[in-house]
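Coordinate inspection notes
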Amino acid sequence: MDFDFTEEQTLALESWNRLLERDVAPKVAPFRDTFIDKAAARELLAITGEYGVGTGWVPEEDGGIGLDFVTSGLLYEALARVSPDLAGLAFVNEGAALKIQRLGTPEQKEKYLPGLLAGELIGCSAISEPGAGSDVPSMSARAEKDGDVYRLYGEKQWISNASLADLVVTVVRTGEKEFSMFLLDREKHAFSVREVDKLGLNGWSLGQIFLDGVTVTDADRLGPAGEGLRESMKGFERSRCFISLVALGISRAAIDDAIAYAAERKAFGKPIAGHQLVQDMVAEMATLHDASQLLVYRALSLLDKGGKHNCEAAIAKSFTTESVQRITSLAIQVYGAAGIARENGVERHFRNARMLTIPDGTTQINRLVIGRELLGVNAFR
Ligand SMILES: Cc1cc2nc3c(=O)[nH]c(=O)nc-3n(C[C@H](O)[C@H](O)[C@H](O)COP(=O)(O)OP(=O)(O)OC[C@H]3O[C@@H](n4cnc5c(N)ncnc54)[C@H](O)[C@@H]3O)c2cc1C
């Protein structure tokens, strides 16, 4: 087993960290508890995209950077330490670009891909609904045929980038057991959006999208008719690894903060870093972080080798996102009362971490994926 990164990966990460410190951190700092506005989002995506963050998984022939999973993962992880919110914005944008790259007609690709990859356009993927989250096939948003056009009705909920999106990749019911994907363009389709006020990741826009008779045609369909659900379920291994990378970034930031505070805060005549039970907390945080990191890197390197790795991605996602709860809670404990004060920032790691056990398969759903892979029995229904 080789635990070393390649020379290219090490160099890419070093120069990315320098750029993060110099160009990204100061610009994203105002957006820790309010969502990154559109002008800032465009500016930041243009910077990250050049380095392959938000563009890395799109092949070079389609205008992306074409990075392997491990390299791209390392860059996302480093970004999430600085801003998990911007990592989310870039990843969700990249997800929309990937769907267009994979399923779009030549016209759709030509019209939208360059803008998405340059950060000029912002995309999102709208699948979840108020009544259908884990149980995606129970969705009720629908397309009704009306002569040559369709009218879309329904509501999408918990949609990342909703307030910013120029483009919405959505899936709606087109028959009793049939679903299709449509590409909604804010310039031409009259959907409306409402931002949701939430616990954490407040730089990361999350909202509702209302479809009140939005008119679309066959030219707005993305991919084959009736394949929308199947297509939207592809890519979960990638997105589960991504949420795990966000958890790693938040864990790292919380551990760094706890270590720095422990060196400076004094109790009983010495820095608290010298008290054995404080060391125990830091040791537990570091152990959970390292175990999480190994699971995520394993999943990413398996994805680089090809084939299906649902089980490893689900193990990484469930372990990492549960571990980050404990890590960020311990960081608050190391700070004592100073940990709960908004002005010190450490409580934000905890609120941000709490968001991660839900998207891209809750912990329970990921455990069912692991169980299905190991036992060969589907316990979902
Ligand atoms: C930060 C964030 C970003 C998101 N971004 C997007 C996005 O961009 N696009 C999008 O479409 N959606 C997005 N979502 C929505 C997300 O995909 C759903 O929240 C998720 O699938 C869970 O659905 P739900 O919230 O409706 O919970 P429910 O499905 O209602 O689950 C409620 C509880 O029941 C448990 N449960 C459900 N079914 C089972 C079962 N069979 N066995 C055991 N337990 C079960 C769940 O684990 C959970 O604890 C996002 C959510 C968050 C928090």
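Residues numbered from 1 in each chain as written. Predicted model: local features only at pLDDT ≥ 70, side-chain atom pairs only at ≥ 80, totals over all residues. Heavy atoms only, no water.

**Looking at the layout of surface pockets**
Think of a ball as big as a water molecule: rolled over the atoms, this probe shows where empty space is left. Put simply, the rule reads: With a 1 Å grid laid over protein atoms only, a set of points is called a cavity when a 1.4 Å probe fits there but cannot get out and a pocket when it is open yet has protein on both sides within 12 Å along at least five of seven lines; lining residues have an atom within 4 Å of a point. Grid points are joined across faces, edges and corners, and a volume is the space filled by probe spheres set on the points. Runs of H or I in DSSP of at least four residues are treated as helices and runs of E of at least two as strands, each being numbered from the N terminus. Residues were grouped as follows: Ala, Val, Leu, Ile, Met, Phe, Trp, Tyr, Cys and Pro as nonpolar; Asp, Glu, Lys and Arg as charged; and all remaining residues, including Gly, as polar. Residue ranges for the domains originate in an automatic or database domain assignment.
By volume, the second largest pocket amounts to about 540 Å³. As for the second largest pocket, its lining consists of 18 residues, and the residues nearest its centre are Asp2, Phe3, Tyr297, Arg298 and Ser301. The leading source of residues in the lining of the second largest pocket is helix H8 (residues 276-305), at 9 residues. Looking at the lining of the second largest pocket, its residues break down into 7 nonpolar, 4 polar and 7 charged. Residue-level mapping places the lining of the second largest pocket at the junction of two domains, with at least three residues from each of domain 1 (7-118) and domain 3 (235-375).

**Remarks on the site of the ligand**
Under the convention used in this document: Residue proximity to a molecule or strand is established when one non-hydrogen atom of the residue lies within 4 Å of it. Here a polar contact means two N or O atoms within 3.5 Å. Within protein one must be a hydrogen donor candidate and the other an acceptor candidate, and residues neighboring in sequence count only if both atoms are side-chain atoms. Surface exposure here means Shrake-Rupley accessible area, sampled with a 1.4 Å probe, where a residue is shielded only by the protein chains that are shown.
The ligand sits among 18 residues. The nearest are Ser128, Ser134, Trp158, Thr362 and Gln364. One of the backbone N or O atoms of tryptophan 158 is found 3.1 Å from a nitrogen atom in the ligand. Interatomic distance of 3.4 Å between a backbone N/O atom of phenylalanine 380 and a nitrogen atom of the ligand. The protein chains hide 66% of the 980 Å² of surface that the ligand would expose on its own. Elements that contribute at least two residues to the shell around the ligand include exactly strand S1 (123-126), strand S3 (149-160) and helix H11 (363-375). Considered class by class, the residues forming the shell around the ligand number 11 nonpolar, 7 polar and no charged.

**What about the packing of aromatic side chains?**
The criterion, for reference: Ring pairs are drawn from Phe, Tyr and Trp, using the six-membered ring of Trp, whenever the two centres fall within 6.5 Å, and their geometry is named by plane angle: stacked under 30 degrees, edge-to-face over 60, tilted for the rest. Three exposure classes are used, based on accessible area relative to the maximum for each residue type with a 1.4 Å probe and protein chains only: buried under 20%, partly exposed in between, and exposed over 50%. By definition here, charges over rings are those cases where NZ of Lys or CZ of Arg is within 6 Å of the ring centre and within 35 degrees of the ring normal.
Overall, the coordinates contain 10 aromatic pairs when judged by the stated rule. Considering the side-chain rings of phenylalanine 91 and phenylalanine 242, the 3.8 Å spacing of their centres and the 0° angle between planes classify their relative orientation as stacked. Within this pair, whereas phenylalanine 91 is found in helix H4 (residues 84-103), its partner phenylalanine 242 is found in helix H7 (residues 236-264), the two being separated by 151 residues in sequence. Relative accessible area serves as the criterion here: at 1%, phenylalanine 242 is assigned to the buried category. On the numbers, 4.1 Å between centres and 15° between planes, the contact of tyrosine 261 with tyrosine 335 is stacked. Remark: tyrosine 335 occurs in helix H9 (residues 310-335) and tyrosine 261 occurs in helix H7; sequence separation between them is 74 residues. Here tyrosine 261 and tyrosine 335 have matching classes, each one buried. Ring-pair connections join several aromatic residues into one group, and the members of that group are Trp57, Phe69, Tyr76, Phe91 and Phe242. One Lys or Arg, lysine 145, reaches over the ring of tyrosine 150 and ends 4.6 Å from the middle of that ring. One cation-aromatic arrangement involves arginine 240 over phenylalanine 236; the distance from NZ or CZ to the ring centre is 4.5 Å.

**Observations concerning the pattern of salt bridges**
For clarity, the threshold we go by: Note on definitions: salt bridges are taken to be side-chain nitrogens of Lys or Arg within 4 Å of carboxyl oxygens of Asp or Glu.
Tallying each qualifying case throughout the model produces 22 salt bridges. Aspartate 33 is the salt-bridge partner of arginine 348, the closest N and O atoms lying 3.2 Å from each other. Highlighted residues: arginine 348 in helix H10 (residues 346-354) and aspartate 33 in the loop between helix H1 (7-28) and helix H2 (38-50), separated in sequence by 315 residues. As a salt-bridge pair, glutamate 231 and arginine 102 come within 2.6 Å of each other at their nearest N and O atoms. Of this pair, glutamate 231 sits in helix H6 (residues 228-233) while arginine 102 is found in helix H4, placing the two residues 129 residues apart along the sequence. Given a relative accessible area of 9%, glutamate 231 falls into the buried group. Owing to a relative accessible area of 39%, arginine 102 belongs among the partly exposed residues under this scheme. Here the salt bridges do not stand alone but share partners, grouping Asp33, Arg342, Glu347, Arg348 and Arg351 into one network.

**Describing empty space enclosed by the protein**
Enumeration over the complete set of coordinates arrives at 1 cavity of 30 Å³ or more. Within this model, the largest cavity holds a volume of roughly 30 Å³. As for the largest cavity, its lining consists of Leu45, Thr48, Gly49, Val53, Gly54, Thr55, Asn93, Leu116 and Leu117. Listed by contribution, the elements that provide at least two residues to the lining of the largest cavity are H2 and helix H5 (106-118). Considering every element that reaches the lining of the largest cavity, the biggest residue donor is H2, with 3 residues.

**Side note on the domain arrangement of the protein**
Here is the rule: We call two residues in contact when some of their heavy atoms are within 4.5 Å. Buried surface area refers to the total accessible area, computed with a probe of radius 1.4 Å, that the two partners give up upon joining, counted for both partners together.
In terms of domains, the protein is made up of domain 1 (7-118), domain 2 (123-229) and domain 3 (235-375). For domain 1 versus domain 2, the distance between C-alpha centres works out to 23 Å. Taken together, the contact between domain 1 and domain 2 spans 25 residues of the former and 25 residues of the latter. Carbon and sulfur atoms make up 63% of the area that domain 1 and domain 2 hide from each other, which totals about 2,000 Å². Applying the counting criterion to the domain 1 and domain 2 interface returns 3 salt bridges. Between aspartate 166 and lysine 38 there is a salt bridge, with the nearest N and O atoms lying 2.8 Å from each other. The tally of links from domain 1 across to domain 2 stands at 14 residue pairs in polar contact (both at pLDDT 80 or more). Listed by contribution, the elements that provide at least two residues to the side of domain 1 that touches domain 2 are H2, H4 and H5. In terms of residues, the side of domain 1 that touches domain 2 owes the most to one element, H4, which gives 10 residues.

**A few points about the nonpolar core**
To be explicit about the condition: In this text, buried Ala, Val, Leu, Ile, Met, Phe, Trp, Tyr and Cys residues form a nonpolar core when linked through side-chain atoms within 4.5 Å.
Grouped together as the largest cluster of nonpolar side chains are 76 residues, with contacts concentrated most on Trp16, Ile36 and Tyr76. Take this core: its biggest share by element is 10 residues, from H4. The residues touching tyrosine 76, leaving out its near neighbours within four places in the chain, are Val53, Gly54, Trp57, Ala87, Ala90, Phe91, Glu94, Phe242 and Leu245. Among the nonpolar cores identified, the runner-up in size contains 19 residues, and Ala162, Ala165, Val172 and Val216 belong to it.

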